[in-house]
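# Commentary on secondary and tertiary structure
The lines below spell out each chain.
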Amino acid sequence: ADVSVLPLPPAPASSVTPAPPTLPGSLTLPASRAAIMGILNVTPDSFSDGGRYADAPAALAHARAMVAAGADLIDVGGESTRPNSTRISADEEWARIGAVVEALAADGVVVSVDTLHAATAREAARAGAAIINDVSGGRWDPQMNAAVAKTSCAYVIQHYRALPGMPEESFDYGEQPIAVALRERVASQVRDALEAGVEPERIIVDPGLGFSLNNEQCWSLVASLRIFAELGYPVLIGASRKRFLGQSPLSDRDEATLDISRRALLDGMWAVRVHAIDQQARLVRAGR
């Protein structure tokens, strides 16, 4: 049978409450339940909502609506990493997102900044961001780990091989189960961050659903999320509206995302990164 289109088996409930990372200053995130990270793409070319929030007023309105709907933090991105997307400079990225980050931080919102660039990470920290979310986990910009270490920000280290559509992208992980292979690879990225001076209590790991993974590998990974909690760090899951969800038995990608979030919460994941907030908020707050 094709595992990519079968319903996931039930997972036993985790007895461990996901521990949030340490954030700058007095900022905090829920300690008794999983957190909801709302996605804010301030870009013209993101795969899901490119262009809808490309100017600061629209972006801020959407971010505040997500917070009102129940998002615990907002992940602001100014550079798309969809397949075959165009790379931009750190200066252009900050020109897109800087005013948004500053305004949300001034509102007291916990802001995560989704960036590949150390220069953007430094600017984001100065502007009040609480988390740096690097989809390359420190592999794209050799200065990223050191830059984050000099801030008080938490740090999302995602498993990375290449950006989608890059020539270096590969789906071959040898004979190991995919979750085991990715756990070992992200653990090596965490070691590099620690050696650069990033404090362990600020580290978050992300298995990187959809990055250098085919559809079948993504579904296999979803069924094995618990293995990432064994690293000892809070785990962020980002499945929202990604291509592999097109093979879900559920016809709507937001419904399929909710189904994966339910599994992630049962497996003790720290947070889910999502576009549609309402149903996710009901799930994490009421357990349904």
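In this report, we go over the structure that sits alongside the text. All figures in this text were calculated on a predicted structure; none of them were measured in a lab.

We now examine the overall build of the protein chain. In terms of helices and strands, the protein chain carries 9 helices and 8 strands. Burial statistics for the protein chain: of 288 residues in total, 55% are counted as buried. Within the protein chain, residue pairs in contact and separated by at least 24 positions form 68% of the contacts whose partners lie at least 6 positions apart.

Evaluated as defined, the whole model comprises 15 salt bridges. As a salt-bridge pair, Asp114 and Arg273 come within 3.3 Å of each other at their nearest N and O atoms. Of this pair, Asp114 sits in strand E3 (residues 110-114) while Arg273 sits in strand E8 (residues 271-274), and the two are 159 residues apart along the sequence. Taken as a pair, Asp114 and Arg273 share a single burial class, namely buried. Ionic pairing is found between Glu123 and Arg126, a salt bridge with its closest N-O pair at 2.9 Å. You can see Glu123 and its partner Arg126 sitting in helix H3 (residues 118-127), 3 residues apart, about one turn around the helix. Judged by relative accessible area, which is 62%, Arg126 ranks as exposed.

The next subject is the sheet that holds strand E6 (residues 203-206). On the basis of which strands lie adjacent, the open sheet formed by 8 strands has the order E6-E5-E4-E3-E2-E1-E8-E7 and parallel pairing. Strands with a single pairing partner mark the edges of an open sheet, and in this sheet they are E6 and strand E7 (236-237). Examined bridge by bridge, strand E1 (residues 35-41) and strand E2 (residues 73-77) share 5 bridges and lie parallel to one another. Along E2, the bridge assignment pairs Leu40 with Val76. Packing against the sheet, helix H5 (residues 178-195) makes contact with strand E5 (154-158) and E6, and its axis sits at approximately 145° to E5. Sheet strands in contact with helix H8 (residues 253-266) are E7 and E8, and its direction is about 165° off that of E8.

With that out of the way, let us pick up the packing of H8 against helix H9 (residues 278-286). Orientation of H8 relative to H9, taken along the N-to-C sense of each, is 20°, at an axis distance of 10 Å. The angle between the axes of H8 and H9 places the two elements in the roughly parallel class. The two elements H8 and H9 meet at a crossing, and its hand is right-handed. The residues of H9 that touch H8, namely those facing Glu255, Thr257, Leu258, Ser261, Arg262 and Leu265, are Gln279, Gln280, Leu283 and Val284. Taken together, the residues of the contact of H8 with H9 sort by class into 4 nonpolar, 4 polar and 2 charged.

Our focus in this paragraph is the nonpolar core. Formed by 66 residues in total, the largest nonpolar core has its most connected members in Leu40, Ile74, Val76, Val101, Leu104 and Phe244. Broken down by element, the residue count for this core peaks at 8 residues, all from H5. The contacts of Val101, once residues within four sequence positions are left out, are Val76, Trp94, Val111, Val113, Ala124, Ala127 and Ala129. The next biggest cluster of nonpolar side chains, apart from the first, holds 14 residues, and it includes Ala35, Ala130, Ile131 and Leu236.

With that settled, the discussion passes to the environment of Asp134. Positionally, Asp134 belongs in strand E4 (residues 131-134). It is 9.7 Å that separates the C-alpha atoms of Asp134 and Asp206, two residues lying 72 residues apart in sequence. Look past the residues within four positions of Asp134 in its chain and what remains in contact with it is Thr115, Leu116, Met144, Tyr155, Val156 and Gln158.

With 5 of its 5 residues buried, E5 lies for the most part within the structure. Side chains of E5 alternate between two faces, with Ala154, Val156 and Gln158 and Tyr155 and Ile157 buried alike. Viewed along the sheet, the connection from E4 through helix H4 (residues 144-149) into E5 turns out right-handed. Summarising the sheet, E5 and E6 pair through 4 bridges and their orientation is parallel. Counterpart to Gln158 in the pairing with E6 is Asp206.

Cut-offs used in this document
- Residues numbered from 1 in each chain as written.
- Predicted model: local features only at pLDDT ≥ 70, side-chain atom pairs only at ≥ 80, totals over all residues.
- Heavy atoms only, no water.
- Helix = DSSP H or I, 4+ residues; strand = E, 2+ residues; numbered from the N terminus.
- Buried < 20%, exposed > 50% of the residue type's maximum accessible area, 1.4 Å probe, protein only.
- Contact = heavy atoms within 4.5 Å.
- Salt bridge = Lys/Arg side-chain N within 4 Å of Asp/Glu carboxyl O.
- Pairing = 2+ DSSP bridges.
- Axes fitted to C-alpha atoms, helices over the stretch in contact; angles between N-to-C directions.
- Parallel < 35°, antiparallel > 145°, perpendicular 65-115°, else oblique.
- Left-handed = near helix turned anticlockwise from the far one by under 90°.
- Nonpolar A, V, L, I, M, F, W, Y, C, P; charged D, E, K, R; others polar.
- Core = buried A, V, L, I, M, F, W, Y, C linked by side-chain atoms within 4.5 Å.
- Right-handed = clockwise from strand over helix to strand, strands pointing away.

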